[in-house]
Amino acid sequence: MLDSHFFSFSDGILCCESVALDELARQFGTPLFVTSRQSLVSQYRSFEEAFASLPHFTCYSVKANFNLAVIRTLAEEGCGCDVNSGGELYRALTAGVPANKIIMAGVGKSEAEIKYGLTSGVMMIKAESISELKAINSVAEHLGKVAQVGVRINPNVTAETHPYITTGDSKEKFGIDEAGLGEVFELFKTLPNLELHGLDMHIGSQIFDPEYYVAATQKLLEVLESARHLGFDIKWLDLGGGFPVTYDPQKPAPPITKFAEKLIPMLQDKGVTVIFEPGRFIAANASVIVTKILYRKKNQIGKEFFIVDAGMTELIRPALYQSHHEVLSVKQHDRSVVADVVGPICESSDFFARHRTIDDAPEGELLAVLSSGAYGAVMSSNYNGRLRPAEVMVDGDEVTLTRRRETYEQLVQNEL
Ligand SMILES: *Cc1c(COP(=O)(O)O)cnc(C)c1O
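Every chain is numbered independently, its residues counted from 1 as its sequence is written. Under the rules for a predicted model, residues below a pLDDT of 70 receive no local features and side-chain atom pairs below 80 are neither given nor counted, while totals for whole chains, interfaces and linings still include all residues. Side-chain numbers come from the whole structure's heavy atoms, not from hydrogens or water.

**Student:** Any details on the sheet that holds strand E1 (residues 7-10)? Residues and values, ideally.
**Tutor:** Read across the open sheet, the three strands follow the order E1-E2-E3; overall the sheet is antiparallel. At either margin of the open sheet sits one strand with a lone partner, and together these are E1 and strand E3 (19-20). Whether two strands pair comes down to DSSP finding at least two bridges between them. Per the convention used, a helix needs a DSSP run of H or I reaching at least four residues, while a strand needs a run of E reaching at least two, with both numbered from the N terminus.

**Student:** Outline the pattern of salt bridges, supporting the account with residue identities and numerical values.
**Tutor:** Here, a salt bridge means any Lys or Arg side-chain nitrogen found within 4 Å of an Asp or Glu carboxyl oxygen. According to the stated counting rule, one finds 19 salt bridges in the structure shown. Note that Glu77 and Arg45 form a salt bridge whose closest N and O atoms lie 2.7 Å from each other. In this pair, Glu77 sits in the loop between helix H3 (68-76) and strand E6 (80-83) while Arg45 sits in helix H2 (residues 37-50), placing the two residues 32 residues apart along the sequence. Put simply, Asp238 and Lys126 hold a salt bridge, and the shortest N to O gap is 3.2 Å. Highlighted residues: Asp238 in strand E12 (residues 236-240) and Lys126 in strand E8 (residues 124-127), separated in sequence by 112 residues. The residues Asp238 and Lys126 share a single accessibility class, namely buried. Put simply, Arg296, Lys298, Glu304, Arg335 and Asp360 are held in one network by salt bridges that share partners. Using a 1.4 Å probe on the protein chains alone, a residue whose accessible area is under 20% of its type maximum counts as buried, one over 50% counts as exposed, and one in between counts as partly exposed.

**Student:** Lay out the site of the ligand with the relevant residues and their values.
**Tutor:** Close to the ligand lie 13 residues; Lys63, Ser205, Glu277, Arg280 and Tyr375 are nearest. Between an oxygen atom of the ligand and a side-chain N or O atom of Ser205, the distance comes to 2.2 Å. Identification of polar contacts relies on pairs of N or O atoms within 3.5 Å, with a donor-acceptor requirement for protein atoms, meaning one able to donate a hydrogen and the other able to accept it, and with residues adjacent in sequence counted only if both atoms are side-chain atoms. Within the side chain of Tyr375, one N or O atom sits 2.5 Å away from an oxygen atom of the ligand. Here, Shrake-Rupley sampling with a 1.4 Å probe gives the accessible areas, and only protein chains in the shown set may cover a residue. Summarising the interface, the protein chains cover 95% of the accessible area of the ligand, which totals 390 Å² for the free molecule. Its atoms largely coinciding with the cavity grid, the ligand occupies the largest pocket. If even one non-hydrogen atom of a residue comes within 4 Å of a molecule or strand, that residue is called near it. Cavity: a set of points on a 1 Å grid over the protein atoms alone where a 1.4 Å probe fits but cannot get out. Pocket: an open set with protein on both sides within 12 Å along at least five of seven lines, its lining residues, like those of a cavity, having an atom within 4 Å of a point. Occupancy of a cavity or pocket is assigned to a molecule whenever over half of its atoms lie within 2 Å of that pocket's grid points.

**Student:** Provide a residue-level description of the UniProt feature "binding site: substrate" (unreviewed entry) in the protein chain, including the pertinent values.
**Tutor:** UniProt positions are given in the numbering used here, feature names are shortened, and annotations may be inferred rather than shown by experiment. According to UniProt, the "binding site: substrate" (unreviewed entry) feature falls on Arg280, Arg317, Tyr321, Glu347 and Tyr375. In three dimensions, the annotated residues from a span of 96 residues occupy distinct locations, with a maximal C-alpha spread of 26.2 Å. Lining residues of the largest pocket, restricted to the annotated ones just named, are Arg280, Tyr321 and Tyr375. Note on contacts: a residue pair is in contact if any heavy atoms of the two residues lie within 4.5 Å. With sequence-adjacent residues up to four places away left out, Arg317 is seen in contact with Tyr247, Arg280, Gln322, Ser323, His325, Ala374 and Tyr375. Considering the arrangement of structural elements, one finds Tyr375 in the loop between strand E19 (366-369) and strand E20 (390-395). Here Tyr375 falls in the buried class, since its relative accessible area comes to 10%. Each residue touching Tyr375, except ones within four places of it in the same chain, is listed here: Lys63, Ala64, Arg280, Leu315 and Arg317.

**Student:** Run through the environment of Leu24, naming residues and quoting values.
**Tutor:** For Leu24, the location among the structural elements is in helix H1 (residues 21-28). Classification of Leu24 as buried rests on a relative accessible area of 1%. With 370 residues separating them in the primary sequence, Leu24 and Val394 have C-alpha atoms 9.9 Å apart.

**Student:** Account for the packing of helix H4 (residues 86-94) against helix H5 (residues 111-120), naming residues and giving values.
**Tutor:** Their axes nearest at 9 Å, the elements H4 and H5 cross at an angle of 25°. Viewed along their axes, H4 and H5 adopt a mutual orientation that is roughly parallel. Seen from H4, the contacting residues are Gly86, Leu89, Tyr90 and Leu93; seen from H5, they are Glu113, Tyr116, Gly117 and Ser120. Here the residues of the contact of H4 with H5 sort into four nonpolar, three polar and one charged. Orientation is described by lines fitted to C-alpha atoms, with helices fitted over the stretch in contact, and by angles between N-to-C directions that extend from 0 to 180 degrees. Throughout, the term roughly parallel applies to angles under 35 degrees, roughly antiparallel to angles over 145, roughly perpendicular to angles from 65 to 115, and oblique to all others. Lys, Arg, Asp and Glu make up the charged group, whereas Ala, Val, Leu, Ile, Met, Phe, Trp, Tyr, Cys and Pro make up the nonpolar group; the residues left over, Gly among them, are polar.

**Student:** Account for unusual backbone geometry, with residues named and values stated.
**Tutor:** For the peptide bond that leads from Thr30 to Pro31, omega is -10°, which places it in the cis range. Relative to the assigned elements, Pro31 resides in the loop between H1 and strand E4 (32-36). The backbone of Asp11 sits at a positive phi, close to 50°, despite the residue not being glycine. With respect to the helices and strands, Asp11 occurs in the loop between E1 and strand E2 (13-16).

**Student:** Help me get a handle on the domain arrangement of the protein chain, residues and values and all.
**Tutor:** Per the annotation, domain bounds derive from an automatic or database assignment of domains. Domain annotation for the protein chain reports domain 1 (7-36 + 284-412) and domain 2 (105-278). A separation of 35 Å is found between the C-alpha centroids of domain 1 and domain 2. If you look at the interface, domain 1 gives ten residues, while domain 2 gives eight residues. When two parts are brought into contact, each loses some accessible area as probed by a 1.4 Å sphere; the total of that loss over both is the buried area. Each partner contributes to the roughly 830 Å² buried at the junction of domain 1 and domain 2, and carbon and sulfur atoms together form 57% of this total. There are zero salt bridges connecting domain 1 and domain 2. Our count for the contact surface shared by domain 1 and domain 2 stands at one residue pair in polar contact (both at pLDDT 80 or more). Across the side of domain 1 that touches domain 2, the residue classes tally to three nonpolar, five polar and two charged.

**Student:** Report on the environment of Pro255, specifying residues and quantitative values.
**Tutor:** Counting through the fold element by element, Pro255 comes out in the loop between E12 and helix H9 (256-267). Between the alpha carbons of Pro255 and Leu118 there is a distance of 37 Å; along the sequence they are 137 residues apart.

**Student:** Let's hear about the layout of surface pockets: which residues, and what values?
**Tutor:** Grid points are joined across faces, edges and corners, and a volume is the space filled by probe spheres set on the points. Taken as a whole, the largest pocket spans an internal volume of roughly 660 Å³. Taken domain by domain, the lining of the largest pocket gets at least three of its residues from each of domain 1 (7-36 + 284-412) and domain 2 (105-278).

**Student:** I'd like to hear about the state of the cysteines, residue by residue, with values.
**Tutor:** The term disulfide refers to a covalent linkage connecting the sulfur atoms of a pair of cysteines. Here, a disulfide means two cysteine sulfur atoms that sit within 2.5 Å of each other. A complete count under the given rule lists zero disulfides for this structure. With no disulfide partner, Cys15 has as its closest neighbouring cysteine sulfur the one in Cys16, 8.7 Å distant. Counting only cysteine sulfurs, Cys81 is the nearest neighbor of Cys79, a cysteine outside any disulfide, at a range of 6.3 Å.

So, in structure tokens, the structure goes:
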């Protein structure tokens, strides 16, 4: 099993902490997201421990899993938040995160979102283009405020990961590249309602090799030098997120300490607070989807399918990024089969696993799709008229329903 001991078998039944998943399915129905509170806390603490010797502040990237209970769990640990939109800001504030612990990012923030961020009093608002800096300045001027801003640099480092989750490459839409920075620094002289306090990057997600961070950080440090030279009081150096987790036991992610070992010496005496924005690292392995085997079928070429009641509407990662997710039978069986685990949606890309050895569980029993905590529920949709599933959080032997299952009425409530 994965690096998580928060999901393990007890008496032949897969459990989340002390609670059997079949029990949860009976109580709350399927499909069901089940999140281990202790796993979230443990991941956050291991991150903090790895970077303990560096002056830093960790802002959980809310977009990975924006369930209020998840945000609240991390806020209670002292963690800040990185939000990507007005909606995520609303969620973070609703979960009780103080505005001065929230960083607002996003490649295209609307005027309304900028206004919401500034009136809430966020710690820093990040800009990704010259036009956006002007927009932030103008909103701040209207509000009679001075905005604390960060500038996202595109370091032109192509991290080796899935092409859809690399973001620090010049070909991608993110940030401002080195060539544009002179103009940016010049611009600040004409924008009296902005104070440049942060330099920021985020080079992608699920990055296994610390050297990509080293290369990009090197570039960020050069920018820090120039900015200081020009008289800017840079307080925050924001390295973004992207730290990897293990999805496939055959391809284990390096431990977070490997990244800390490389980065701490580079950043230690720079007179800045380093900001980290881990999302996946904290949330990915904290949740599973419990799903019922509706039907099994075999076709004429001998291919076998498990058709389950969850699908790409709950976890789109296999369709979007060809990502691997372990799928386990909640009840252990002695015999196994090779099969595809597929959902009920009308798309060929609606699958969780292909050609996978899996326990020979009969129809009606349950499977668990592991590592579904990050970019799972947050990307869920109503496609095919599907109802977003219920979500529960487990802490030891305590279970809390953190999101009710949607209803048919909710599907049409906004239509006139
Ligand atoms: C998505 C994102 C993150 C989090 O990425 P993970 O890979 O989940 O750690 C952090 N910062 C920014 C700016 C992002 O867009």
